[in-house]
Each structure stands twice: as C-alpha cells, then as structure tokens.
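Chain by chain, the residues:
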Amino acid sequence: MKPAPFQYLAPRTRDEALEALRQFGPDAKVLAGGQSLVPLLAMRLARPAVLVDINRVPDLAFVRAARGAIVIGAMTRQRTVETHPLVATQLPLLREALRWVGHPQIRTRGTIGGSLAHADPAAELPAVASVLGATFKVVSRRRQRTLGCEEFFTGYLTTALEPDELLTEIRFPVPPPRTGWAFQEVARRHGDFALVGVAALVRLDGDRRCIEARLAFTGVGPGPVRVADAEALLVGRALTREAADEAGRAVTAALEPEGDIHASAEYRKHVAGVLAARALLQAAERVQT
Ligand SMILES: Cc1cc2nc3c(=O)[nH]c(=O)nc-3n(C[C@H](O)[C@H](O)[C@H](O)COP(=O)(O)OP(=O)(O)OC[C@H]3O[C@@H](n4cnc5c(N)ncnc54)[C@H](O)[C@@H]3O)c2cc1C
C-alpha cells in the first residue's frame, strides 16, 4: 500500500524542527530512521498530515563521554552506536543488545531515539535503557525536561512525549567497576523482535559476592519490566548456578505476560526465568575482580 498524502518538512536546525512541531504537533509525526514509521504509513496505520523529517538536523547525532555517562544524540544511527569505540569500552551491554535489533541494514538506518520513542514492547533498547538507568532529554518550544525510564515509557507503544516534543538525547550512566553484563533473547528467527529478552547487570565485590543485580525484560509487558524480588535475593550472595536458578524462578513467579499469536503467556514466563538465570551467570563471568 501507499501512505495517505502528507506534507513533508525537512528542517535544517533543531529550532526549525521544534517550531514545526509547535505549529503542527498533534497532526505531525517526527521521521527519524523510518524503519518503524514508514511501514506504519504504508499500511495507513499512521496517517499524519505532516511529516517532520529530522535527518538533516546535524546536532542530533553524536556519541560523547560526559561525567560518568555516555550521552547519545537521538538521531544517532543504531549501527554507529554499535560500532562506536566509547560504547565498546564503556557500555558493552548496549553494543551487545544492538546486535539483536533487526539486521545490519535496518540498524544502518534506524536511530537510537527512534527505537526508544517508538517503545515497541518487544524491542531491545528500552530494556537496556531501563537496566542502565538511562535518562531522556525531551525538548519543545515550551520547556525542556529530563525523564527517567519509569516516566518516559508509559505503556504499549506509548511514551510521555507530547506532540510538540522532540527526544534530543539519551544519557546512559556507565556502570561502576566490577560490573558484568549480558543480553539474552529468544526470537523466532534472527532479526525478529524478541519473544522474550533480558538485559542483566551484576556487580560483584572482591570475594565475588553480589553487591547489586539488575534485570530488565522485554516482550513480557507493555514496556520494559524490572523484577525487584529476583534482583534483591542475590545481594550479598555468591552468584552460583543455584542462586541464578533461584532468581530465575522468582522471575517466572513475578511476571504476568500476555499470550499472543507468537507465544503463550506460560511459555514467556518460563523462558524469561531461564534467560534470566543464563544472563546472570554470563554477567557474573564477565566481572573482572
Ligand atoms: C524488518 C525489521 C525488523 C526489525 N527488527 C527489530 C528488532 O528486532 N528490534 C527492535 O527493537 N526494532 C526492530 N525494528 C525496528 C527498528 O529498530 C527501528 O529502527 C526502530 O523501531 C525505530 O527507529 P527509527 O529511527 O527507524 O524511527 P522511525 O521509524 O522514524 O520513528 C519511530 C517512531 O518514533 C518517533 N520518533 C523518532 N525519533 C523521534 C525523536 N527524536 N523525538 C520524538 N519522536 C521520535 C516517530 O515519530 C515514530 O512515531 C525492525 C524494523 C524492521 C523494518
């Protein structure tokens, strides 16, 4: 199918983009990499009157080190992030998870901000943002605000972004030393969205006891899901297979996913627990003490 007619704007600066959103807000859609929006337009599931294409706004694409964090511009291509040396050394979890997003061709076009603003419940990046405690800079003509994941992701395919607002950058805190990471996923085929996925971070002390564990799941709720009970039961313990399996069982008990044509709720609960245990052990193995 072909999209319904729309007016196309290609601002050259951030101010021009924000002005277009101020003017057309509820009738407009921001176009980033187009990897989710263009299919929606083609199927006429989205019918905006105006497209605000931000591909020509130069200062929205960057990767830079800030104090204790890596800050990434919303328009930065996923493939740029995946291959960036700062990300490789400081945020290896992000690099690892990006390899699960579609295929290289899609990541070459798709953007970090587009994936997070689209907020697909089975996408990898919202879980990574959640487990790392990322924050989102959101700008409009009216105001500028910074949101945490719990405020930003509001439900199925929805975020706190208002029609006149642009996501401009995401700040990913760099995990402290002695932190290991893992991203595990089950999908029907490589490149498909996750049936279930998990991002894990584990911090160990010099005796390899767990100081902190974090787990964020994708594919089991309307947005990224943390399981505090499973995280808490690991603190102060050696991260053995038994401890990881116990955390996995706590995950299975806590989650309440929905079943759909791709997988039943029971399957998702079970797989989430298995993946959690696997990810925790892999993350622990990667801790350098
Ligand atoms: C075959 C295929 C397989 C895929 N597989 C996966 C997968 O396994 N995992 C996965 O996570 N994704 C997958 N995707 C989606 C891909 O990652 C997209 O790139 C991503 O979902 C959207 O990013 P985008 O830059 O293309 O955004 P667009 O499609 O341009 O925009 C998506 C939405 O975000 C809004 N938006 C974009 N940028 C901003 C901004 N800066 N401020 C405010 N709103 C904004 C748009 O208005 C739109 O509503 C797949 C896509 C395809 C085509």
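In the block above lies the structure referred to throughout.
Computed from a prediction, not measured in an experiment: that's the story for all the values here.

Break down the overall build of the chain for me, citing the residues and quoting the values.
If you tally the helices and strands in the chain, you get twelve helices and 14 strands. For 289 residues, the compact-globule formula gives about 19 Å, and the C-alpha radius of gyration of the chain, at 19 Å, lands near that figure. Taken along its principal axes, the extent of the C-alpha atoms in the chain is 60 × 45 × 30 Å. For the chain, buried positions account for 51% of its 289 residues. Contacts in the chain between residues far apart in sequence, at least 24 positions, make up 62% of those at least 6 positions apart.

Give me the environment of Thr 240: which residues, what numbers.
Relative to the assigned elements, Thr 240 resides in the loop between helix 10 (228–232) and helix 11 (241–254). You can call Thr 240 partly exposed: its relative accessible area is 34%. Spatially, the C-alpha atom of Thr 240 lies 20 Å from that of Ala 216, the residues being 24 residues apart in sequence.

Give a description of the site of the ligand that names residues and reports values.
With respect to spatial proximity, 30 residues lie near the ligand, and among them Val 30, Gly 34, Ser 36, Thr 111 and Glu 124 are the closest. Within the backbone of Leu 37, an N or O atom sits 2.7 Å from an oxygen atom of the ligand. Contact between the ligand and Ser 115: an oxygen atom at 3.3 Å from a main-chain N or O atom of the residue. Coverage of the ligand by the protein chains reaches 88% of its 970 Å² of free accessible surface. When residues of the shell around the ligand are traced back to their parent elements, those giving at least two are strand 2 (28–31), helix 7 (112–118) and strand 10 (166–173). The residue inventory of the shell around the ligand, partitioned by class, reads 15 nonpolar, twelve polar and three charged.

Provide a residue-level description of the environment of Ile 112, including the pertinent values.
Tracing the chain through its elements places Ile 112 in helix 7. Judged by relative accessible area, Ile 112 falls into the buried class, the value being 1%. A sequence separation of 111 residues divides Ile 112 from Gly 223, and the C-alpha atoms of the two residues are 16 Å apart. Residues within four places of Ile 112 in sequence aside, it is in contact with Ile 72, Ala 74, Thr 76, Gln 78, Val 81, Leu 98, Leu 125 and Ile 170.

How would you sum up the nonpolar core? Please name residues and give values.
Among the nonpolar cores identified, the biggest contains 37 residues, and Ile 72, Leu 93, Leu 94, Leu 116, Phe 136 and Phe 172 are the most heavily contacted of them. Among the elements that line this core, the one with the most residues is helix 8 (residues 124–132), at six residues. Those residues in contact with Phe 172 that sit more than four places away from it in its chain are Ala 69, Ile 70, Ile 72, Leu 91, Leu 94, Ala 129, Leu 132 and Ala 134. Val 196, Cys 210, Ala 250 and Leu 280 belong to the second largest nonpolar core, which has 32 residues in total.

Can you tell me about helix 8, naming the residues and giving the values?
Of all nine residues in helix 8, nine are buried, a share of seventy percent or more. Inspection of helix 8 places Glu 124, Leu 125, Pro 126, Ala 127, Val 128, Ala 129, Ser 130, Val 131 and Leu 132 among the buried residues, and these make up the whole buried set. Downstream of helix 8 by one or two residues, Gly 133 has phi in the positive range, about 70°.

Please set out the pairing of strand 7 (residues 144–148) residue by residue, giving values where relevant.
In this sheet, strand 7 lies alongside strand 6 (residues 135–139) in antiparallel orientation, the contact comprising five bridges. If you follow Thr 135 over to strand 7, its bridge partner there is Gly 148. Two successive antiparallel strands, strand 6 and strand 7, enclose a turn made up of four residues.

Quick rundown of the sheet that holds strand 4 (residues 63–66)? Include the residues and the values.
An order of 4-5-10-6-7 is seen for the five strands of this open sheet, with the pairing classed as antiparallel. What marks the edges here is a single partner per strand, and that holds for strand 4 and strand 7. For this sheet the average axis-to-axis angle between neighbouring strands, irrespective of direction, equals 25°. Pairing geometry for strand 5 (residues 69–73) and strand 10, over five bridges, is antiparallel. Along strand 10, the bridge assignment pairs Ile 70 with Phe 172.

Can you lay out the packing of aromatic side chains for me, pointing to particular residues and giving the numbers?
Per the counting criterion, the structure on display carries three aromatic pairs. Taking the centre distance of 4.0 Å and the plane angle of 0° together, the rings of Phe 136 and Phe 152 count as stacked. With Phe 136 in strand 6 and Phe 152 in helix 9 (residues 149–152), this residue pair connects regions lying 16 residues apart in the sequence. Across the pair, Phe 152 and Phe 136 agree in class, each one buried. Plain terms: the ring middles of Phe 152 and Phe 153 are 5.2 Å apart, the flat faces sit at 85° to each other, and that makes the pair edge-to-face. We note that Phe 152, like Phe 153, is buried. Linked through ring pairs, Phe 136, Phe 152 and Phe 153 together constitute an aromatic cluster. The ring of Phe 62 has Arg 64 lying over it, and the distance from NZ or CZ to the ring centre is 4.1 Å.

Procedures and definitions
- Residues numbered from 1 in each chain as written.
- Predicted model: local features only at pLDDT ≥ 70, side-chain atom pairs only at ≥ 80, totals over all residues.
- Heavy atoms only, no water.
- Helix = DSSP H or I, 4+ residues; strand = E, 2+ residues; numbered from the N terminus.
- Rg over C-alpha atoms; globule rule 2.2 N^0.38 Å.
- Buried < 20%, exposed > 50% of the residue type's maximum accessible area, 1.4 Å probe, protein only.
- Contact = heavy atoms within 4.5 Å.
- Near = heavy atom within 4 Å.
- Polar contact = N/O pair within 3.5 Å; in protein donor to acceptor, adjacent residues only side chain to side chain.
- Areas by Shrake-Rupley, 256 points an atom, 1.4 Å probe, with all protein chains shown as cover.
- Nonpolar A, V, L, I, M, F, W, Y, C, P; charged D, E, K, R; others polar.
- Core = buried A, V, L, I, M, F, W, Y, C linked by side-chain atoms within 4.5 Å.
- Pairing = 2+ DSSP bridges.
- Axes fitted to C-alpha atoms, helices over the stretch in contact; angles between N-to-C directions.
- Phe/Tyr/Trp six-rings, centres within 6.5 Å; stacked < 30°, edge-to-face > 60°.
- Lys NZ or Arg CZ within 6 Å of the ring centre and 35° of its normal.

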